[in-house]
Structures are given as structure tokens and as C-alpha cells.
Amino acid sequence: MHSRDTLPVVVGGTNYYIESLLWKVLVDTGQETGAPGDGGDGALDRKLELEKLGVEELHKRLAEVDPKMAAMLHPNDKRKITRSLQIHEMTGVSHTRWLQEQRGQEGGDGLGGPLRYSDPCIFWLHADTEALDKRLDARVDEMLSAGLIEELRDFHVRFNQQKVQDDSNLITPALYSPLPLRLSLLCPHVSLSGWLLWPDIKEFHEFLTAPESSTQLERDALKDKGIEALKIATRRYARKQNKWVRNRFLKRPGDNVPLVFGLEVTDVSRWEETVLNPALQILDSLSKGEEPAIQPIRIIIGDLEWTAHLKSKKHHHHVRKKRKTDSGCEASSSAVDSVSEDSSAAVAPGSTETSQESSPEAVTTHKEVPVTF
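A few points on the structure. Because the structure is a prediction, the values reported are computed rather than measured. Residue positions within a chain follow its written sequence, with the count starting from 1. The predicted nature of this model means local features are confined to residues of pLDDT at least 70 and side-chain atom pairs, given and counted, to a pLDDT of 80 or more, with totals for whole chains, interfaces and linings taken over all residues. Each side-chain value is derived from all of the structure's non-hydrogen atoms; neither hydrogens nor water enter the calculation.

## Thoughts on the overall build of the chain
Piece 1. Numbering goes from the N terminus for both helices and strands, where a helix is a DSSP run of H or I of at least four residues and a strand is a run of E of at least two. Within the chain, the secondary structure is distributed over 15 helices and seven strands.
Piece 2. Residues classed as buried in the chain amount to 34% of the 373 residues present.
Piece 3. Any two residues having at least one pair of non-hydrogen atoms within 4.5 Å are treated as being in contact. Of all intrachain contacts in the chain linking residues separated by at least 6 positions in sequence, the fraction that spans at least 24 positions is 66%.
Piece 4. Accessibility throughout is a Shrake-Rupley quantity obtained with a 1.4 Å probe, and a residue counts as covered only by protein chains that appear here. For the chain, the computed accessible surface area is about 22900 Å², with 54% contributed by carbon and sulfur atoms. Buried means the residue's accessible area, taken with a 1.4 Å probe over protein chains only, is under 20% of the maximum for its type, while exposed means over 50%, and partly exposed covers the values in between.

## Let's talk about the packing of helix H3 (residues 55-65) against helix H5 (residues 78-91)
Piece 1. Angular values range over 0 to 180 degrees, each being the angle between N-to-C directions of two axes fitted as lines to C-alpha atoms, with helices fitted over their stretch in contact. Look at H3 against H5: their axes get within 10 Å of each other, and the N-to-C directions meet at 40°. Regarding the angle of H3 to H5, the classification is oblique. You can see that H3 and H5 cross each other, and the crossing is left-handed. On the side of H3, the interface is formed by Val-55, Leu-58, His-59, Arg-61, Leu-62 and Val-65, while H5 contributes Lys-78, Ile-81, Thr-82, Ser-84, Leu-85 and His-88.
Piece 2. Under the grouping applied here, Gly and all other residues not named as nonpolar or charged are polar, the nonpolar ones being Ala, Val, Leu, Ile, Met, Phe, Trp, Tyr, Cys and Pro and the charged ones Asp, Glu, Lys and Arg. Of the residues contributing to the contact of H3 with H5, the split by class is six nonpolar, four polar and two charged. For classification purposes, an angle smaller than 35 degrees is called roughly parallel, one larger than 145 roughly antiparallel, one from 65 to 115 roughly perpendicular, and anything else oblique. In this scheme the crossing of two helices becomes right-handed for a clockwise turn of the near helix relative to the far one and left-handed for an anticlockwise turn of less than a right angle.

## A closer look at the packing of aromatic side chains
Piece 1. Any two rings among Phe, Tyr and Trp, with Trp reduced to its six-membered ring, count as a pair given centres within 6.5 Å; such a pair is stacked if its planes are under 30 degrees apart, edge-to-face if over 60, and tilted if neither. Applying the stated rule across the entire model yields three aromatic pairs.
Piece 2. Seen from their ring centres, Tyr-16 and Trp-244 are 4.6 Å apart, and the 55° between their planes marks the pair as tilted. On the criterion of sequence distance, the pair formed by Tyr-16 in helix H1 (residues 15-22) and Trp-244 in helix H11 (residues 216-250) is long-range, its members being 228 residues apart.

## Remarks on the packing of helix H7 (residues 129-145) against H11
Piece 1. The N-to-C vectors of H7 and H11 enclose an angle of 130°; their axes lie 10 Å apart at closest approach. By the angle between their axes, H7 is oblique relative to H11. Relative to H11, the crossing made by H7 is right-handed. Of H11, the residues touching H7 (which contributes Thr-129, Leu-132, Asp-133, Leu-136, Asp-137, Val-140, Asp-141 and Leu-144) are Ile-227, Leu-230, Lys-231, Thr-234, Arg-235, Ala-238, Arg-239 and Asn-242.
Piece 2. Taken together, the residues that form the contact of H7 with H11 break down as seven nonpolar, three polar and six charged.

## Remarks on a nonpolar patch on the surface
Piece 1. Together, Leu-125, Trp-271, Leu-276 and Leu-280 give the surface a local cluster of nonpolar side chains, amounting to about 360 Å² of exposed area.
Piece 2. It is helix H12 (residues 271-287) that contributes the most residues to the nonpolar patch, three residues altogether.
Piece 3. Assessed through its relative accessible area of 35%, Leu-276 is described here as partly exposed. Like charges are joined within 9 Å and nonpolar side chains (Val, Leu, Ile, Met, Phe, Trp, Tyr) within 5 Å, but only among residues with over 30% relative accessible area and no salt bridge; these make up the patches. When a carboxyl oxygen of Asp or Glu lies within 4 Å of a side-chain nitrogen of Lys or Arg, that pair is called a salt bridge.

## Focus: the pattern of salt bridges
Piece 1. Tallying each qualifying case throughout the model produces 13 salt bridges.
Piece 2. In this structure, the salt-bridge partner of Glu-101 is Arg-97, at a minimum N-O distance of 3.0 Å. With Glu-101 and Arg-97 both in helix H6 (residues 95-103) and four residues apart, this pair spans about one turn of that helix.
Piece 3. Among the residues examined, Glu-101 registers a relative accessible area of 44% and is labelled partly exposed.
Piece 4. We note a salt bridge from Lys-202 to Glu-203, for which the minimum N-O separation is 3.6 Å.
Piece 5. Overall, Lys-202 belongs to the exposed group, its relative accessible area being 52%.
Piece 6. Through salt bridges with shared partners, a single ionic network connects Asp-137, Glu-228 and Arg-235.

## Thoughts on the side chain of Ser-94
Piece 1. By secondary structure assignment, the location of Ser-94 is in the loop between H5 and H6.
Piece 2. A relative accessible area of 16% means that Ser-94 is categorised as buried.
Piece 3. One polar contact links the side chain of Ser-94 to the main-chain amide nitrogen of Arg-97, over a distance of 3.1 Å.
Piece 4. Among all residues touching Ser-94, those that are not within four sequence positions of it are Val-65, Asp-66 and His-88. A 3.5 Å cut-off defines polar contacts: any pair of N or O atoms within that distance qualifies, except that in protein one atom must be a possible hydrogen donor and the other a possible acceptor, and neighbouring residues in sequence count only when both atoms are side-chain atoms.

## Considering the side chain of Asp-133
Piece 1. Within the fold, Asp-133 resides in helix H7.
Piece 2. A residue is classified by how much of its surface remains accessible, and Asp-133, at 16% relative accessible area, is buried.

## Some words on the environment of Glu-51
Piece 1. Note on placement: Glu-51 falls in helix H2 (residues 40-51).
Piece 2. Taking the C-alpha atoms as reference, Glu-51 lies 8.0 Å from Arg-79; in sequence the two are 28 residues apart.
Piece 3. Once you skip the residues sitting within four places of it in the chain, Glu-51 turns out to touch Lys-78 and Thr-82.

Okay, structure coming up:
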């Protein structure tokens, strides 16, 4: 698309997917994307072979070849342990070493490698919590109206049939299973390949496993309990996504951070006014190399991020630019110098995000800087 001078616009997707598009955070062994017969199918076969082993055996093998990664991963996280073993088997290099080299590239940081593209920007659509919760509850209700319960019943039956048929350890509580199209469209955990890692069937487990002797009243109560649990889990997931944006996008240290613009979607009837038109104006300004009238989100950060910010190329660039602009005024130049030494900088009214150090040992003195480090 870039070669055709076309601006790619990516909408939706999980935060992991968006992050992998923006930053070099994936490990590409060069043996997993080919057509069948050129080695790519062998990688899949080996993955399936590893998954047949018990998680304790897998973790033991990983500890032998990559002790740092084994210590970092949860001993029961079979998927990640298997992935780390695969990387070592395919390349002869430990997963830990891959990540170290990736993060050591120019523009890399503790979260991954450098940006894949120059000057990307992010539009973060956010809504009032109360309004968002109502929408999420309505979404669950729509899923139920579209036949979610029937799909779950069918899934549960096939799950048990397959488990009995295989009589092996291939099927675990984190089950990969092909799904009917309708359920694939309804569920946010379905991957692009149409296979599902199903973590939320537990919300309806009591309902699906209710004894045949249960009365209709008891079944209805269990179903209502599952519905409420699903709504709570959905709201929790939305909050987790917002937290991810703050931690992985807004708090990302150094100058390896795209512009992040917040757009208000509490009242969707004002979509053109609060989302579409502002987004188009921002893109138009950026394409011309101009500063948008709408400022990016700013964030209050702690000492570690502040230190990284002061060392970043963008910070020094803006300091030099400011000094050049104010070269005729000694007082202004001194004020610019204080930006690098003082503990605070101006924040646009109404556009701040608060963050705190995750380490309990860290003594945090909050500073306010633009997120566009």
C-alpha cells in the first residue's frame, strides 16, 4: 500500500494485533509462513507434537535450553512454553536471545523492537464508563438473541464427544476447536483462522452441566447467572484493553511512540462532529507536515519514563527547535533549558492520563509531558 502511495487505515482488532503491526515485537523464524511442502507445514506438525506432551515435561525442556524464559513463564502456560521451545528448535537460538536482540535494535525498548513505519498515529476512541458499560451489556444481549446459548450447547456436546474419542491429553480446558461461522462472528476470542481459544465457556459451565433432574426454574436461574457473569467479564475485558493502551502505548518509554489522539464516542449520534471530522483534520495536518489543531493525549509519568524521555531524540529535537525559535530571547532560552532539568512541563487542559510505577520499590515523582516523546 505504501508503494502505491496509499495510506493504510487499520480499524479494530486486538491490542496485540495492533501492537505487532506498529512495532517489531514478533519473532519471525522464517519457517512459519511458507506454503505447504516448503517447510511451513513441518513447523505446524512439530507444534502439534509438542502439544501432545504434558505441560510439566514441556516446562522442563524449556528450562534446559532457555532457563530465563522458563523462569518468566507460568509453568502451566502450555501455549507460550510450546512457542518458546519451537523458536529454539527452529533456529538454535533461545527465545530470550531473540527478544534481547530485537529490543537492542535502534529505536527498540523494553517492550519490543522499533516502529515498523515512520510517523504512524493512533486514534483512541473512548467513551464515558457508564455509556460504555451499557453498550457492552447490549452487545451481550444481541449475542444471546443471535443464538449464543444454542451455539454453546452444541460446542459443549462436541467438546465432550471429541474428548472421549481422543482419550488423550490433546484437549485441555484451553481448547482449540473449529467453530460454526455464526459463533465465530459473535465471539471476540476467535482468531483469523477460524480457530478458537475458548476461555469464557466457564461463565456458562454450571448451566451446561446442570443435572437432567434440574427443574426449569433452576436451569433458568443458572442461565441468568451465566449471562450476568458474561456481562461482567466483557466489561472487565474492556477495562483491560484501556489499561493496555495506557501501559503499552501511552507509557511506552523513549521516542518510539506514535502520536495518540483521543476521540470521544460517548454520544454516537455526534459521530461526525466528535470522531470523523476531527480525525480527517488531524490526518490532513499530519500529511502536510503541520501540527494538528487537536493536541495528542498527554500523560503524567514517573521517574523512569521521564529519564527515558529526556534522553530521547524527539525531546532533544524539540528543545533545539525551541531554542532556535527563541534565540533572540535569553530568558526564553533559559526556560527551555529548564525543560530538561525541571520536574514538570505544561499539559494541555483536559487531555491528561495518569500512570504510576509498577514497581513498589520505585519512588515516583510525577511529571507531565506530551505522550509524543
